[in-house]
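Here is what each chain is made of, one letter per residue.
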Amino acid sequence: MADIKKLAWNVDEETYRNEPLLSYSMLSKFNREGFESISTLFDKIESPSLTFGSLVDTLITEPKDLINKFLIASFPKLTDAAEKAIKGIFEEFNEKYYALNKIPDEKLLDKISELRFQSNWKSTTRLNYIKDNCGEYYDLLILSKGKILVNQADYSAAEECVNALKNSDATREFFGLNFDKKERLYQLKFKGIYKNIGLKCMPDELIIDHENKTIQPVDLKTSGHPEWDFFKSFIQWGYWIQAKLYTYILQQNIDKDGELKNYKILNYKFVVVNKQTKQPLVWDYEDSTKQSDETYGINRVIQCKDWRKIAEELNHYLTSSDNKYPIGINHSKGTSNSITQYLNEQ
């Protein structure tokens, strides 16, 4: 039987994340935010929504890894500003002070000021707020070193999403009991290359139908929009880039294998669940294999730039010494830039 696992890049997730190859997340961020995002493309990104999505992914695809990746605990909900501040304090002091109340007030206040937490408050008010409300959270961050700290309420919500995915008529075939004898592989990692530009991907699921010689790539999304509005998230977060990029890398890898090169990669599927509505749906992207820019909408105003163009432009900035200005900007003596030209290109 053909075995796609032997083509995979067999490394742990930390190694995958740290490898400086271009990924969907980098390409989509650069596409959204442009030239100004380059300096932060390799920064670790944290947010409640990303943490929740990672939790659902783990419960579905790698439940045995839950205890190694997360610490589940009950603790009072902090404001976003307070949580950001205490994480900054933890990063500064966790090696030296095992509890928040062990940090000298002067050092703590200096750090709070540096983090600009509630800068319109008096110094004593800011200091007392952090000490009175954030000590338990700091202690839990100490306990969860090397793991992601998750509130029990969020864990329960993630379990509800997982149960919905496994029991919904629309999605149970992807994550429920396997009656069709197809091979289901979760979060395999692959490398690829395009014009000497290194690429990487980690599909949430590949469903291999050996009888019909097809490969179905699947990505699980915990969307901020209701499941029926996923097309909005698709454009907002550039998921067309993910579908096309992953399809390209998969095709490049299976072309190396005498048996798998005869398998057809099907249209990319997104399995979507929302934390509040919990009504999972499946969405197909029918243009997954196209190698061109796409335009959608009644008046064709939705522009979806092909990942190859994005990768080439980004690679130029990352590898060139001439990267102080965006491509196309005139900055030499005696030159100027056309406002009307740039407005008309928007």
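Preceding this paragraph is the structure being described.
Note that the structure is a prediction, hence the values are computed from the model and not measured.

About the cut-offs
Within every chain, residues take consecutive numbers counted from 1 along the sequence as written. Owing to the predicted nature of the model, reporting of local features is limited to residues with pLDDT of at least 70; listing and counting of side-chain atom pairs is limited to 80 or more, with chain, interface and lining totals taken over all residues. Side-chain measures here rest on the full set of heavy atoms in the structure, leaving out hydrogens and waters. The secondary structure listing takes helices from DSSP runs of H or I that are at least 4 residues long and strands from runs of E that are at least 2 residues long, numbered from the N terminus. Relative accessible area decides the class of each residue, using a 1.4 Å probe on protein chains only: under 20% of the type maximum gives buried, over 50% gives exposed, and in between gives partly exposed. Contact definition: two residues touch when any of their heavy atoms are within 4.5 Å. Just so you know, the count uses Lys and Arg for positive and Asp and Glu for negative, and it drops His and the chain ends. The location of each charge is read from NZ of Lys, CZ of Arg, CG of Asp or CD of Glu. Here an axis means a line fitted to C-alpha atoms, over the contact stretch when the element is a helix, while the angle between two N-to-C directions is reported on a 0 to 180 degree scale. For classification purposes, angles smaller than 35 degrees are called roughly parallel, those larger than 145 roughly antiparallel, those between 65 and 115 roughly perpendicular, and all remaining angles oblique. Left-handed describes a crossing whose near helix is turned anticlockwise from the far helix by less than a right angle; the clockwise case is right-handed. Each residue receives one of three labels: charged for Asp, Glu, Lys and Arg, nonpolar for Ala, Val, Leu, Ile, Met, Phe, Trp, Tyr, Cys and Pro, and polar for the others, Gly being one of them. Patch rule: a residue counts if its relative accessible area is over 30% and it has no salt bridge; like charges are joined within 9 Å, and nonpolar side chains (Val, Leu, Ile, Met, Phe, Trp, Tyr) within 5 Å. Accessibility throughout is a Shrake-Rupley quantity obtained with a 1.4 Å probe, and a residue counts as covered only by protein chains that appear here. Put simply, a salt bridge is a Lys or Arg side-chain nitrogen that is within 4 Å of an Asp or Glu carboxyl oxygen.

Student: Account for the overall build of the protein, naming residues and giving values.
Tutor: Along its length, the protein carries 14 helices and 12 strands. Principal-axis analysis of the C-alpha atoms gives the protein an extent of 70 × 65 × 40 Å. Counting every position in the protein, which comprises 346 residues, the buried fraction comes to 43%. Taking as baseline every contact in the protein between residues at least 6 positions apart, the subset at least 24 positions apart corresponds to 65%. The positive charge centre, built from 47 side chains, and the negative charge centre, built from 51, are 2 Å apart in the protein.

Student: So what's going on with the packing of helix H5 (residues 80–93) against helix H6 (residues 105–114)? Residues and values would help.
Tutor: Running from N to C, H5 and H6 cross one another at 125°; their axes reach a closest spacing of 10 Å. When the axis of H5 is compared with that of H6, the two are oblique. Two packed elements cross with a definite hand, and for H5 against H6 that hand is right-handed. Within the contact between the two elements, H5 uses Gly88, Ile89, Glu92 and Phe93 and H6 uses Lys107, Leu108, Lys111 and Ile112. Counted by class, the contact of H5 with H6 contains 4 nonpolar, 1 polar and 3 charged residues.

Student: Describe a nonpolar patch on the surface, and please don't skip the residues or the numbers.
Tutor: A cluster of nonpolar residues, Ile235, Val301 and Ile302, forms a patch on the protein surface that exposes about 230 Å² of accessible area. Turning to its location among the elements, Val301 is positioned in the loop between strand S11 (294–296) and strand S12 (302–304).

Student: Kindly report on the environment of Asp180, identifying the contributing residues and their values.
Tutor: With respect to the helices and strands, Asp180 occurs in the loop between helix H10 (172–175) and strand S3 (183–186). With a relative accessible area of 34%, Asp180 lands in the partly exposed category. For the pair Asp180 and Asp209, spaced 29 residues apart in sequence, the C-alpha separation works out to 9.1 Å.

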